[in-house]
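Results of the structural survey
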Amino acid sequence: MSDLFTLRRRGLLGGAAALAAGAAWPAHAEDKRIVVGTWGGDYSRLLAKNIEKPLLEPKGWDVVKDEANDPPRRAKMLAEKALRRGTSDIQGLSAANMYDVNQQGLVEQLDYSKIPNAKNLIPAMKYPYGIGQIYSGKVILYNPKIIKRAPTSFAEAIDPKMGDKLGIIDIQYQYTLVAAGMASGGSPSNIEPGKERLLACKKAGARIYPSNEAFAQAMKTEEIAVGIMWKARAVQWQNAGIPIETVAAKEGVPMYISGFAMPKNAPNKPGAYAYLNAMLEPSAQEAFAVDMGYNPTITNAHVPADVQKRIGFTPEEEKRLVDLDYGYLAKNDVAFQDWWNKSFKG
Amino acid sequence: MSLAAERPRGQLLTASALIGPATIFVAVSLFAPLAILFRYSLNDFDKTTKTMIEAVTGTNYVHFFTDPYYTSALATTVEVALLSTAVCFVVGFPLAYVVARTQSRFKHLLIIAIVLPLFVGNAVRAAGWMVVFGNKGFVNAGLMGLGLIEKPLEIMFTEKAVIIGIIAVNLPFMVLSLQSVIEGIDRSVEEAAFSLGAPPATMFWRVLWPLALPGILAGTILTFILAMNAYATPYLLGGPLFKMMAPLVYNQFTQQTNWPFGGAIAFILMAVTLGLTVAANLMIQRRTIR
């Protein structure tokens, strides 16, 4: 009976050889597959609806998503840095994150001759290492039922007088520091004056939420009545019935730009270029404005007037749009996070 | 070579072939990453470029133990783990005893009811608690509806919420560990104690406790380790102001991309968990021998 389960040396070696042969079986070259690292949820769904299905699939591209928030995806890019072939072809990141991963030597310097649609890009959305796909601005959100006098500036919104009606989003620490800095006489290149203001707000009872969604929920239940957020998100929340109004702050409107960069070790670089080009098609850009409330990053997109009125900025407000100082933020990010975690939250 | 000599060698090969894959799998998937992580924890970190620098230094470990922010996170983690384990034991023991001793034909349904929470992932379960604990959640709406409170209680994003959440996750592990051991204890030894005049408390302390000790140890160790390493529950129910070790490790790796310090925190968490577990084990065993 035991002989049935007894292996001889030849059998064992044969089995091992078969296993090794199986492991060494060559993977098929996936020339037409594009692996896209992106946030999940609505954003991923809209990428499929507005870019992949209408513009890439008809040309034979097969798009596969690697969905996660940006911190784990950036950690994965870093972990794969030494690999000749990475696991993604293109990564969706904010402009600040694109700057970071470029500093870390993780992303390819783009050859714009391979992206014909890039000729229509707004210059501020064009980086050597990535492209802005959508943008919005950080505005003040308030509930007019509770806040009777609309705040007109970051100084009036991020104010200890708001007490526990002020909500702050933990993952938005960079923008919160920038806005508080601007409210206290600083700028996107100098956030230091805002620290004291934030500490005073916290002392006065300001509530801190872990995510954008938790903040929206608190706005909905009227636990809080004022805060700052991208205008595009505010439009989505208004559509969802959350009672909020928006104001472009007097001090300026810090821009939020989200786009795509290509890892240096992307296995399918032609696929990544095809994706970058497709995302800049006017039809895709217009659809993102309608579906998600973000502004197009190209000059030849035609957004319906009523949508433009809700998501865009007036010519006066456009003058106040300010880009972040990505170099300053990247250089000091660890120190800012330390201050945020230990002194502000701690 | 004789057939008799060939057989033991064949059996050895068989044994190697059977245990080999699992051993290699464990070695490669557990020890190799741990070794790499430990090596990373000795590296330096450039804060301006957020990149790891090759080095052999204990700076990360020194940094952890000299910064009150991190030591307080460790203290909170140990406190939450001890408290939730103690509650799991106190609540779980009577339940495990009833399940072990019941003669009901619905016993299997009872066991399924205990295991049922494990069918749902930690994150989903925490999301459920968020609905219950929120300012307009089930608890607050109920209490305010009954006129017992005027302002909603602050439960969400507090230590209370985390402890309740962890207890809910860990209780089935404690109950199942205790129930399987209590079931193996002959009912007649308890009856013998009673027939000799022992009150219930004495019977518990002198008979049931020593005999159930292996299950108690298994249950407490299991729930303690799970609580020490809890991630989803403290992250979702504790909120941004609450600090426990596992979310701290994640934050260092992903948010700050500081792998050396993240690695050091991970090893400190592992060492403290192992140390406390071994110490508790030895302490209980020594008391039992006495």
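The text that follows walks through the structure, step by step, so that each part is easy to find. Worth saying up front: this structure is predicted, and the values here are computed from it rather than measured.

How each quantity is defined
Think of each chain on its own: its residues are numbered from 1, step by step along the sequence as written. For naming, the first written chain is A and the first written ligand is 1, with later ones following in the order written. Only residues with pLDDT of 70 or above have their local features reported here, since the model is predicted, and side-chain atom pairs are shown and tallied only from 80 upward, although totals for entire chains, interfaces and linings are computed over all residues. Hydrogens and water molecules were not included; the side-chain quantities draw on all heavy atoms of the structure. Secondary structure counts use DSSP, requiring at least four H or I residues in a row for a helix and at least two E residues in a row for a strand, with both numbered from the N terminus. In this setup the radius of gyration rests on C-alpha atoms only. A globule is expected at 2.2 Å times the number of residues raised to 0.38. Each residue is assigned to one of three classes by its accessible area relative to the maximum for its type, calculated with a 1.4 Å probe on protein chains only: buried under 20%, partly exposed between the two thresholds, exposed over 50%. Contacts between residues were defined by any pair of non-hydrogen atoms, one from each residue, lying within 4.5 Å. Here the accessible surface of atoms and residues is derived via Shrake-Rupley with a 1.4 Å probe, and residues count as covered only by protein chains that are part of the display. Charge assignment: positive for Lys and Arg, negative for Asp and Glu; neither His nor the chain ends contribute. The atom standing in for a charge is NZ when the residue is Lys, CZ when it is Arg, CG when it is Asp and CD when it is Glu. Side-chain atoms within 4.5 Å are what join buried Ala, Val, Leu, Ile, Met, Phe, Trp, Tyr and Cys residues into a set we call a nonpolar core. By salt bridge we mean one thing: a side-chain nitrogen of Lys or Arg within 4 Å of a carboxyl oxygen of Asp or Glu. Note on geometry: axes are C-alpha line fits, over the in-contact stretch for helices, and angles between N-to-C directions span 0 to 180 degrees. Should an angle fall under 35 degrees it is called roughly parallel, over 145 degrees roughly antiparallel, and 65 to 115 degrees roughly perpendicular, with every other angle called oblique. Amino acids outside the nonpolar list (Ala, Val, Leu, Ile, Met, Phe, Trp, Tyr, Cys, Pro) and the charged list (Asp, Glu, Lys, Arg) are all regarded as polar, and Gly is one of them. Once two parts are put together, the accessible area they lose, assessed with a 1.4 Å probe and summed over both, is termed the buried area. Side-chain atoms alone can form a polar contact between residues adjacent in sequence; in general such a contact is a pair of N or O atoms within 3.5 Å, and within protein one must be able to donate a hydrogen while the other accepts it. Only residues whose relative accessible area exceeds 30% and that take part in no salt bridge are eligible for patches, with like-charged residues grouped when within 9 Å of each other and nonpolar side chains (Val, Leu, Ile, Met, Phe, Trp, Tyr) grouped when within 5 Å.

Helix and strand counts for chain B come out as 12 helices and two strands. Listing each helix as α and each strand as β along chain B from the N terminus yields α-β-β-α-α-α-α-α-α-α-α-α-α-α. What you see for chain B is a C-alpha radius of gyration of 24 Å, clearly larger than the 19 Å of a compact globule of 290 residues, by over 25%. When burial is assessed residue by residue, chain B has 40% of its 290 residues classed as buried. Partitioning the intrachain contacts of chain B with sequence separation of at least 6 by distance along the chain shows that 67% fall at a separation of at least 24. Only carbon and sulfur atoms are counted for the fraction: they give 72% of the accessible area of chain B, which is about 15,600 Å². Mean positive and mean negative side-chain charge positions of chain B (18 and 13 charges, respectively) differ by 5 Å.

A tally of helices and strands in chain A yields 14 helices and 12 strands. In terms of its C-alpha atoms, chain A occupies a principal-axis envelope of roughly 85 × 50 × 35 Å. Counting only residues that meet the buried cut, chain A has 56% of its 346 residues in that class. Of all intrachain contacts in chain A linking residues separated by at least 6 positions in sequence, the fraction that spans at least 24 positions is 75%. Split by element, the accessible area of chain A, about 15,000 Å² in all, is 54% carbon and sulfur. Averaged over its 43 positive side-chain charges, chain A has a centre that lies 2 Å from the centre of its 37 negative ones.

Attention shifts here to the nonpolar core. Counting residues in each nonpolar core, the largest one holds 169 residues, and the members touching the most others are Tyr275(A) and Leu276(A). Sorting elements by how many residues they give to this core places helix α3 (residues 68-101) of chain B first, with 13 residues. Setting aside chain neighbours within four positions, we find Leu276(A) in contact with Ile90(A), Leu110(A), Ile115(A), Ile131(A), Phe260(A) and Met262(A). Listed in part, the five residues of the second largest apolar core include Ala289(A), Val303(A), Val307(A) and Ile311(A).

Let's shift gears to the pattern of salt bridges. Taken as a whole and judged by the stated rule, the model has 23 salt bridges over all chains. Across the salt bridge formed by Lys76(A) and Asp66(A), the nearest N and O atoms sit 3.0 Å from each other. Taken together, the positions of Lys76(A) in helix α3 (residues 70-79) and Asp66(A) in strand β2 (residues 62-67) put the pair 10 residues apart, joining distant regions of the chain. Here Glu183(B) makes a salt bridge to Lys107(B), at a shortest N to O gap of 2.3 Å. Placement of the pair is Glu183(B) in helix α7 (residues 159-184) and Lys107(B) in helix α4 (residues 107-115), with a sequence separation of 76 residues. Among the residues examined, Lys107(B) registers a relative accessible area of 18% and is labelled buried.

A separate point is the packing of helix α6 (residues 173-183) of chain A against helix α7 (residues 194-203) of chain A. Residue and element names in this part refer to chain A. Taken N-terminus to C-terminus, the directions of α6 and α7 make an angle of 105°; their axes are 7 Å apart at the nearest point. The angle between α6 and α7 falls in the class roughly perpendicular. Listed contacts from α7 to Thr176, Leu177, Ala180, Gly181 and Ala183 of α6 are Gly194, Arg197 and Leu198. Across the contact of α6 with α7, the residue classes tally to four nonpolar, three polar and one charged.

We now examine helix α11 (residues 245-255) of chain B. Residue and element names in this part refer to chain B. Burial analysis of α11 places eight of its 11 residues in the buried class, the great majority of the element. Three or more residues of α11 are buried, namely Met245, Ala246, Pro247, Leu248, Val249, Gln252, Phe253 and Thr254. Looking one or two places after α11, you find Thr257, whose phi comes out positive at around 50°.

The next thing to look at is the interface of chain A and chain B. At the interface, 33 residues of chain A touch 32 residues of chain B. Regarding the contact of chain A and chain B, the summed buried area is about 3,100 Å², with carbon and sulfur atoms giving 56% of it. Taken together, the links from chain A to chain B amount to four salt bridges. Between Glu154(B) and Arg207(A) there is a salt bridge, with the nearest N and O atoms lying 3.0 Å from each other. At the boundary of chain A and chain B, one finds nine residue pairs in polar contact (both at pLDDT 80 or more).

Let us now look at the environment of Asp186(B). Residue and element names in this part refer to chain B. With respect to the element layout, Asp186 can be found in the loop between α7 and α8 (187-195). A relative accessible area of 48% places Asp186 in the partly exposed class. Along the primary structure Asp186 and Leu211 are separated by 25 residues, whereas in three dimensions their C-alpha atoms are 9.8 Å apart. At a separation of 3.1 Å, a polar atom in the side chain of Asp186 contacts the side chain of Ser188.

Next up on the list: a nonpolar patch on the surface. There is a patch of nonpolar side chains on the surface, built from Phe106(B), Leu109(B), Ile112(B), Leu116(B), Phe119(B), Val120(B) and Val124(B) and spanning about 680 Å² of accessible area. Relative to the helices and strands, Leu109(B) resides in helix α4.

A few words on unusual backbone geometry. Although it is not a glycine, Glu222(A) sits at a positive phi angle of roughly 65°. Along the chain, Glu222(A) falls in the loop between α8 (212-220) and β8 (226-230). Within the chain, Thr257(B) stands out as a residue other than glycine whose phi angle is a positive 50°. Summarising the element assignment, Thr257(B) is placed in the loop between α11 and α12 (259-289). We classify Thr257(B) as buried; its relative accessible area is 5%.

Let's shift gears to the environment of Asn277(A). Residues and elements named next belong to chain A. Structurally, Asn277 is set in helix α10 (residues 269-279). Taking relative accessible area as the criterion, Asn277 reaches 16% and is therefore assigned buried. C-alpha separation for the pair Asn277 and His302, spaced 25 residues apart in sequence, amounts to 18 Å. When near neighbours in sequence (up to four residues on either side) are disregarded, Asn277 contacts Ile115, Pro116 and Asn117. Polar contacts involving the side chain of Asn277 include one to the main-chain amide nitrogen of Asn117, which spans 2.8 Å.

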